[in-house]
Amino acid sequence: MTPPSYELIRSARRTLALEVSRDGRVLVRAPMGLSQKRIDAFAAAHQDWIAAQQARQAQRRAAHPEPSAAERAGLIRKAQEVLPAKTAYYGNLMNLHPTGITITGAEKRFGSCSAKNRICYSWRLMAYPEAAIDYVVVHELAHIRHKNHGKEFYACIESILPDWRARRNLLKE
């Protein structure tokens, strides 16, 4: 079986890993001393998975194409208006308040919460339904109290958004 074409990234790791980027490129992460033959065999053994992930990423790109400069500016403006207000609203409900809010252009994450309780949101979130936006806001606020994704973390989200699973799924479409 011929391995698919891929970009090889060697590092001081112990295991092999595969990743299909948003643009459909295949990345193989490998330990420094592992032979090219073993890496090729690993990639070849996972051809079906790679093809499925590339198809999934192509669908995702088609559903959420990169916005034009004007669209991007509009999404950033909307994020600057909507996200701080939603954060304040849900923050008051949950009695959780971030130390600050930043709007970024992150492509892989819709939100994050730092150890110092600063929340970052991606303006890209504004292209999703309001129910999904609310989920991300509540999710990041819950990280102020729970710095992990444990049972208590999800119980905190569920106390505010009982339908959080359906809302989260909106982000995956």
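Above this text is the structure in question.
Just so you know, the residues in each chain are numbered from 1, in the order the chain's sequence is written. Selection of residues for local features in this predicted model requires a pLDDT of at least 70, selection of side-chain atom pairs for listing and counting requires 80 or more, and totals for whole chains, interfaces and linings are taken over all residues. Excluded from the side-chain calculation are hydrogens and water; included are all heavy atoms of the structure.

1. A few points about the nonpolar core
At step 1: The definition of a nonpolar core used throughout is a set of buried Ala, Val, Leu, Ile, Met, Phe, Trp, Tyr and Cys residues joined through side-chain atoms within 4.5 Å. Per-residue accessibility, obtained with a 1.4 Å probe over protein chains only, is compared with the maximum for each type, and a residue is labelled buried under 20%, exposed over 50%, and partly exposed between these values. Ranked by size, the top nonpolar core spans 28 residues in total, and within it L83 and M94 carry the most contacts.
At step 2: Each helix is a run of H or I in the DSSP string that is no shorter than four residues. Each strand is a run of E no shorter than two, and both are numbered from the N terminus. Counting residues per element, the ones that place at least two in this core are helix 3 (69–94), strand 6 (118–122), helix 4 (130–145) and helix 5 (151–160).
At step 3: With sequence-adjacent residues up to four places away left out, M94 is seen in contact with V138, L141, A142, R145, C156 and I160. By definition in these notes, contact holds between two residues if any of their heavy atoms fall within 4.5 Å.

2. What to know about the packing of helix 4 against helix 5
At step 1: Interaxial distance between helix 4 and helix 5 falls to 9 Å at its minimum, and their mutual angle equals 135°. In terms of orientation, helix 4 lies oblique with respect to helix 5. Here the hand of the crossing between helix 4 and helix 5 comes out right-handed. Only F153, Y154, C156, I157 and I160 of helix 5 make contact with helix 4, whose side of the interface consists of Y135, V138, H139, A142, H143 and R145.
At step 2: Tallied by class, residues from the contact of helix 4 with helix 5 come to eight nonpolar, two polar and one charged. Interaxial angles span 0 to 180 degrees and are taken between N-to-C directions of axes, which are lines fitted to C-alpha atoms, for helices over the stretch in contact. For this classification, under 35 degrees means roughly parallel, over 145 means roughly antiparallel, 65 to 115 means roughly perpendicular, and everything else is oblique. Two helices cross in a left-handed way if the nearer one is turned anticlockwise from the farther one by less than a right angle. They cross in a right-handed way if the turn is clockwise. Three classes are used, and their members are as follows: Ala, Val, Leu, Ile, Met, Phe, Trp, Tyr, Cys and Pro are nonpolar, Asp, Glu, Lys and Arg are charged, and the others, Gly among them, are polar.

3. What about the packing of aromatic side chains?
At step 1: Only the six-membered ring of Trp is used, alongside the rings of Phe and Tyr, when aromatic pairs are assigned; centres must lie within 6.5 Å, and planes under 30 degrees apart are stacked while those over 60 apart are edge-to-face, with the rest tilted. Under the defined criterion, the tally for this structure stands at five aromatic pairs.
At step 2: With a centroid separation of 4.9 Å and an interplanar angle of 80°, the aromatic rings of F153 and Y154 are classed as edge-to-face.
At step 3: Accessibility expressed as a relative area gives 0% for F153, which makes it buried.
At step 4: Residue classification places Y154 among the partly exposed positions, given a relative accessible area of 22%.
At step 5: Ring pairing ties together the aromatic residues Y135, F153, Y154 and W164, which thus form one cluster.

4. Remarks on the layout of surface pockets
At step 1: In the cavity and pocket records, a cavity denotes points on a 1 Å grid over the protein atoms alone where a 1.4 Å probe fits but cannot get out, a pocket denotes an open set with protein on both sides within 12 Å along at least 5 of 7 lines, and lining residues are residues with an atom within 4 Å of a point. Grid points are joined across faces, edges and corners, and a volume is the space filled by probe spheres set on the points. Approximately 1,000 Å³ is the volume attributed to the largest pocket.
At step 2: What lines the largest pocket is a set of 36 residues, and nearest its centre among them are R60, E107, K108, R109 and F110.
At step 3: Mapped by element, the contributors of at least two residues to the lining of the largest pocket are strand 2 (17–20), helix 2 (47–63), strand 5 (111–113) and helix 4.
At step 4: Of the residues forming the lining of the largest pocket, the biggest block, five residues, is contributed by helix 4.
At step 5: Taken together, the residues of the lining of the largest pocket sort by class into 15 nonpolar, nine polar and twelve charged.

5. Quick word on the environment of Y128
At step 1: Note that Y128 resides in the loop between strand 6 and helix 4.
At step 2: For Y128, a relative accessible area of 10% puts it in the buried group.
At step 3: Between the C-alpha atoms of Y128 and A44, which are 84 residues apart in sequence, the distance is 36 Å.
At step 4: Excluding residues within four positions of it along the chain, Y128 makes contact with R60, H64, F110, I133, L170, L171 and E173.

6. Concerning the pairing of strand 6
At step 1: Pairing between two strands is assigned when DSSP locates at least 2 bridges connecting them. Taken together, the five bridges between strand 4 (residues 100–104) and strand 6 define a ladder with parallel strand orientation. Within strand 6, the position partnered with T102 by the bridge is C120.
At step 2: Two elements, strand 5 and strand 6, share three bridges in a ladder whose sense is antiparallel. When the bridges of strand 6 are listed, G111 appears paired with Y121.

7. Notes on the sheet that holds strand 6
At step 1: The mixed open sheet is built from three strands, whose spatial order is 4-6-5. Of all the strands in the sheet, just strand 4 and strand 5 have a single pairing partner and so form its edges. Going across the sheet, the axis of each strand differs from the next one's by a mean of 15°, ignoring polarity.
At step 2: Each of strand 4 and strand 6 touches helix 3; the most contacted strand, strand 4, lies at about 150° to it.

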